[in-house]
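One letter stands for each residue in the lines below.
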Amino acid sequence: MILQRWVFLLLVAAVTGATANPDVRDGCQERCGDVIVPYPFGIGEQRCAMNANFFLHCNATDDGHLELLLGRNVPARNISLLNGTVTVGIHTSFECHDKSGRLSMTLGPAYTFSDTRNMFTAVGCDTTATVTNKEATFGAACLSLCTGNVTMSKKNPCSGSGCCQTSIPKGLKSLNITIQSFRNHTDVSTSTPCGFAFLEDIDSLDLSDWPLSRTSKPNDTSNVVIEWVAQTETCEEARANKSSYACGINTNCYYSDNGQGYRCACNEGFEGNPYLEKGCQDIDECKDPKKYTCHGKCHNTIGDYECKCSLGMHGDGKVGYQGFAITTIIAGKYPLNFSSIPVAAIACFDCFQSSIFSSQRTNKLLLLDSALHTSFIPPSQHMRLA
């Protein structure tokens with residue numbers, strides 16, 4: 001009998017410790033290094049991703065750390081289901097006295113460079129930078145010169161002195177970034193050896209990381225936000241093909257701002273991963289009264305909650321209610337050695353109690369709130385029945 005109990009306890013512990021992560025498919029890895037990899041993305045096995053567009057690689061670096069890669073060589077640093085974005089690190093283009101480098105990059109069908117989160121930036125004192133797409137249907141350029149001492153900091157407006165910036169169009173899926181010296185390095189001192197051009201997330205760009213004295217390094221990268229969609233078709237087309245429809249139960253389909261396709265979101269009253277079949281679970285609003293207001297008795301329902309008014313009250317308990325609630329207090333002793341007396345109290349509520357009446361003349365009155373907490377107050381603050 002003792003042996004059987006030990007076996008039972010071990011089985012319970014094993015089952016408890018194997019709780020599935022709600023953001024990945026069963027049996028799939030949750031993260032690569034410090035980056036969480038939620039479905040529809042996946043690593044390790046092809047089945048862990050929704051399709052080949054979302055299958056990522058988790059490789060070990062030379063120093064033993066795990067690095068998540070979009071494609072074969074683009075580091076992925078953050079994935080957001082809510083925003084439909086992946087933040088990646090891409091190399092910069094540069095032009096130095098003795099060397100140069102150019103960036104050319106094309107994304108897969110589910111991805112676009114975010115036009116709202118990224119800005120094309122060039123840094124240097126003799127720098128002309130251009131950005132085009134692969135098809136040469138888009139192009140933009142900016143010029144950066146130095147007319148004096150330039151401080152590279154967050155306060156620098158990047159309007160052409162030390163650096164310059166320009167936006168990119170919506171729906172951009174490829175990049176060709178070129179850079180060259182405006183005067184062939186003839187008017188640039190050795191203290192400004194290189195110019196740089198890159199796309200970068202506006203929120204993470206810190207110009208103090210790009211001093212004019214900076215030289216080119218093999219690991220020079222910038223944080224770039226890439227937007228993704230579940231599929232490049234309309235919601236109507238997607239719903240018509242249930243076998244490939246990306247959204248799970250209790251979800252809705254909506255269009256991405258970049259116009260490239262659709263994404264999924266949990267319905268109101270649900271939370272979780274909308275790309276898993278049963279990823280969106282009901283929210284128990286009654287467990288979070290600060291966020292979901294209820295001035296009465298809270299009752300959770302599927303996708304919503306009810307707030308029932310107390311007896312004698314009326315109105316919407318989620319907003320407030322009005323009326324009279326009658327509460328009878330069984331005879332007992334007041335604190336501070338008051339004598340034992342029966343009390344009948346009628347509380348008038350307008351969201352919360354505003355006045356109270358007592359049938360017993362005492363030096364202090366018993367005040368009840370809607371949660372049946374008690375306290376004593378001087379009788380002069382409230383009316384009493386004669």
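Our structure is the block above this text.
Residues numbered from 1 in each chain as written. Predicted model: local features only at pLDDT ≥ 70, side-chain atom pairs only at ≥ 80, totals over all residues. Heavy atoms only, no water.

(A) Structural view of the pairing of strand β15 (residues 174-181). Examined bridge by bridge, strand β9 (residues 103-106) and β15 share four bridges and lie antiparallel to one another. The residue of β15 that forms the bridge with Leu103 is Ile177. Across six bridges, strand β12 (residues 126-132) lies against β15 in antiparallel orientation. By the bridge assignment, Ala129 is partnered in β15 with Ile179. (Pairing = 2+ DSSP bridges. Helix = DSSP H or I, 4+ residues; strand = E, 2+ residues; numbered from the N terminus.)

(B) Here's a closer look at the pattern of salt bridges. Counting across every chain of the model gives six salt bridges. Ionic pairing is found between Arg47 and Glu45, a salt bridge with its closest N-O pair at 3.3 Å. Glu95 is the salt-bridge partner of Arg102, the closest N and O atoms lying 3.3 Å from each other. Residue classification places Glu95 among the buried positions, given a relative accessible area of 16%. Through salt bridges with shared partners, one network takes in Arg117, Asp201 and Asp203. (Salt bridge = Lys/Arg side-chain N within 4 Å of Asp/Glu carboxyl O. Buried < 20%, exposed > 50% of the residue type's maximum accessible area, 1.4 Å probe, protein only.)

(C) Quick peek at the sheet that holds strand β7 (residues 93-96). Strand order in this open sheet of five strands is β8-β7-β16-β11-β14, and the pairing throughout is antiparallel. The open sheet has two edge strands with one neighbour each: β8 (100-101) and β14 (163-166). In terms of strand pairing, strand β11 (residues 118-123) meets β14 through four bridges, oriented antiparallel. What sits directly across from Phe120, in β14, is Thr166.

(D) Main features of the state of the cysteines. Under the defined criterion, the tally for this structure stands at 11 disulfides. Here Cys142 is linked by a disulfide to Cys164, with a sulfur-sulfur distance of 2.2 Å. Disulfide Cys142 to Cys164: torsion about the S-S bond roughly 65 degrees, handedness right-handed. Remark: Cys164 occurs in strand β14 and Cys142 occurs in strand β13 (residues 139-145); sequence separation between them is 22 residues. (Disulfide = S-S within 2.5 Å.)

(E) The layout of surface pockets, seen in detail. In this structure, the largest pocket encloses a volume near 240 Å³. Among the residues forming the lining of the largest pocket, the class breakdown is 10 nonpolar, five polar and no charged. (1 Å grid on protein atoms, 1.4 Å probe; cavity = no way out; pocket = protein on both sides within 12 Å on 5 of 7 lines; lining within 4 Å. Points joined across faces, edges and corners; volume = space filled by probe spheres on them. Nonpolar A, V, L, I, M, F, W, Y, C, P; charged D, E, K, R; others polar.)

(F) Spotlight on the side chain of Ser222. Along the chain, the position of Ser222 falls in strand β17 (residues 221-228). Engagement of the side chain of Ser222 in a polar contact is seen with the backbone oxygen of Leu199, the distance being 2.6 Å. Excluding residues within four positions of it along the chain, Ser222 makes contact with Arg77, Val88, Gly89, Ile90, Thr92, Phe198, Leu199 and Glu200. (Polar contact = N/O pair within 3.5 Å; in protein donor to acceptor, adjacent residues only side chain to side chain. Contact = heavy atoms within 4.5 Å.)

(G) Examining unusual backbone geometry more closely. For the bond from Tyr39 to Pro40, the omega torsion is 20 degrees, close enough to zero to count as cis. Following the sequence through the fold, Pro40 ends up in the loop between β2 (35-36) and β3 (57-60). Non-glycine residue Cys158 carries a positive phi angle of around 55 degrees. Within the element layout of this structure, Cys158 appears in the loop between β13 and β14. A residue is classified by how much of its surface remains accessible, and Cys158, at 6% relative accessible area, is buried. The backbone phi angle of Asn250 is positive, close to 60 degrees, even though this residue is not glycine. Inspection of the secondary structure puts Asn250 in the loop between α2 (235-240) and β18 (251-255).

(H) Main features of the pairing of strand β4 (residues 66-70). Alignment of β3 against β4, held across four bridges, turns out to be antiparallel. Directly across from Cys58, in β4, lies its bridge partner Leu68. The antiparallel pairing of β3 with β4 creates a hairpin that spans five residues between the two strands, and Gly64 there sits at a positive phi of about 95 degrees.

(I) Geometry of the sheet that holds β15. The sheet built from four strands is open, its strands ordered β9-β15-β12-β13 with antiparallel pairing. The open sheet has two edge strands, β9 and β13, and neither has a second partner. Sheet twist, expressed as the average angle between the axes of neighbouring strands with direction ignored, equals 15 degrees. (Axes fitted to C-alpha atoms, helices over the stretch in contact; angles between N-to-C directions.)

(J) Examining the side chain of Asn156 more closely. Take Asn156: it is sitting in the loop between β13 and β14. Within the structure, the side chain of Asn156 is placed 2.8 Å from the backbone nitrogen of Cys158, a separation counted as a polar contact. Among residues more than four places away in sequence, those in contact with Asn156 are Val150, Thr151, Ser161, Cys163 and Leu207.

(K) The nonpolar core, seen in detail. Ranked by size, the top nonpolar core spans 53 residues in total, and within it Phe41, Leu68, Val88, Tyr111, Phe113 and Tyr262 carry the most contacts. Look past the residues within four positions of Phe41 in its chain and what remains in contact with it is Cys48, Ala49, Phe54, Leu56, Ile79, Val86, Tyr111 and Trp228. With 15 residues, the next largest nonpolar core counts Phe94, Cys125, Phe198 and Leu205 among its residues. (Core = buried A, V, L, I, M, F, W, Y, C linked by side-chain atoms within 4.5 Å.)

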